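Observations on the model geometry
Given next are the chains, with one letter for each unit.
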Amino acid sequence: MYTDAYEGGLLVYGDLVNNTGASQEIFDIVGTFYDGQGQVVADETSTYSYWPVLVIPPGGRMPFELTVEGTRSADTYDLRVDAEPSGEAPRQDFEFFDLYQRDEGYGYCVGGTLRNPGGELQDDLVVVGALYDAQDTVIGFGEYYPYFDGLVGDQTEDFEVCADRFNQEVARYELRAWGQ
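Below: a short report on this structure. (Residues numbered from 1 in each chain as written. Predicted model: local features only at pLDDT ≥ 70, side-chain atom pairs only at ≥ 80, totals over all residues. Heavy atoms only, no water.)

Judged by pairing direction, the sheet is antiparallel, and its three strands sit side by side in the order S9-S10-S13 without closing on themselves. The open sheet is flanked by strand S9 (95-103) and strand S13 (156-164), the only strands paired with a single partner. In this sheet, neighbouring strand axes are inclined to one another by 15° on average, regardless of whether the strands run parallel or antiparallel. Across nine bridges, the pairing between strand S10 (residues 107-115) and S13 is antiparallel. Bridging from a neighbouring strand, Leu-114 pairs with Glu-157 of S13. (Pairing = 2+ DSSP bridges. Helix = DSSP H or I, 4+ residues; strand = E, 2+ residues; numbered from the N terminus. Axes fitted to C-alpha atoms, helices over the stretch in contact; angles between N-to-C directions.)

Time to look at the nonpolar core. Of all hydrophobic cores here, the largest spans 42 residues; its most connected members are Tyr-13, Phe-33 and Leu-114. Of all elements in the fold, only strand S2 (10-17), strand S3 (24-34), strand S7 (61-68), S10, strand S11 (126-132), strand S12 (138-144), S13 and strand S14 (172-178) reach the threshold of two or more residues within this core. Examining the composition of this core, we find that six residues originate from one element, S11, more than from any other. Setting aside anything within four residues of it in sequence, one finds Tyr-13 in contact with Tyr-2, Phe-64, Glu-65, Val-138, Ile-139, Gly-140, Phe-141 and Phe-166. (Core = buried A, V, L, I, M, F, W, Y, C linked by side-chain atoms within 4.5 Å. Buried < 20%, exposed > 50% of the residue type's maximum accessible area, 1.4 Å probe, protein only. Contact = heavy atoms within 4.5 Å.)

Our focus in this paragraph is unusual backbone geometry. Residues other than glycine seldom take positive phi values, yet Asp-98 does so here, at roughly 50°. With respect to the helices, strands and loops of the structure, Asp-98 is situated in strand S9. For Asp-98, a relative accessible area of 60% translates into the label exposed. For Asn-167, which is not a glycine, the phi torsion comes out positive at approximately 60°. Mapped onto the elements of the fold, Asn-167 is located in the loop between S13 and S14.

Attention now moves to the pattern of salt bridges. Between side chains of opposite charge, a pair can form as their charged atoms come close. Tallying each qualifying case throughout the model produces 13 salt bridges. Of the charged contacts in the structure, one is a salt bridge between Asp-82 and Arg-80, with a shortest N-O distance of 2.9 Å. Note that Glu-174 is salt-bridged to Arg-176, the shortest N-O span being 2.8 Å. With respect to class, Glu-174 is no different from Arg-176; both count as buried. Salt bridges sharing common partners tie together Asp-15, Arg-61, Asp-136, Arg-172, Glu-174 and Arg-176. (Salt bridge = Lys/Arg side-chain N within 4 Å of Asp/Glu carboxyl O.)

To continue, consider the state of the cysteines. What is meant by a disulfide is a covalent connection between two cysteines, made through their sulfur atoms. Under the definition given, this model contains one disulfide. Paired through a disulfide, Cys-109 and Cys-162 show a sulfur-sulfur distance of 2.0 Å. Its torsion about the S-S bond being 110°, the disulfide of Cys-109 and Cys-162 is classed as right-handed. Remark: Cys-162 occurs in strand S13 and Cys-109 occurs in strand S10; sequence separation between them is 53 residues. In this structure Cys-109 comes out as buried when scored by relative accessible area, which is 2%. Exposure remark for Cys-162: the relative accessible area of 36% places this residue in the partly exposed category. (Disulfide = S-S within 2.5 Å.)

It is worth stressing that arrangement in space is one thing and function is another; only the former is reported here.
Laid out in structure tokens, this is it:
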């Protein structure tokens with residue numbers, strides 16, 4: 001959780017984990033935030049969220065960002081994800097190679113080449129780079145949405161994702177890709 005230096009309020013980063021056994025379509029991520037005395041300082045009416053893909057396949061993980069308006073601090077919080085089972089099953093079998101990373105000071109960038117080992121993609125390909133600190137906590141993420149005319153098996157796409165690291169040290173990163 002960080003103070004949002006640009007908009008005021010707070011930013012919360014995390015990883016959604018689908019352990020339900022079925023694809024899940026995400027509708028919303030909301031939170032209730034409390035001060036040190038357990039009083040509510042912000043609730044779902046003052047939060048808005050962002051995640052890069054609508055459907056998380058079974059066993060999948062996806063980073064998210066939750067923005068909290070109207071308060072600059074909270075001692076604890078509870079989060080809730082509103083989702084329901086989906087008939088869609090985004091692919092996650094993409095391969096990454098020729099990777100590089102660089103620290104830009106304000107942010108951290110990871111790039112390389114993505115290969116599609118499977119059938120043609122129709123749309124909705126996204127590459128996400130999630131940044132983690134030494135405690136294995138998400139500290140930021142960036143995404144890349146390629147322009148392509150379908151990415152057929154063995155075709156490749158170069159990419160780069162950059163994310164604000166909020167003055168935190170990046171201990172590791174994970175690359176993930178989803179496609180339909």
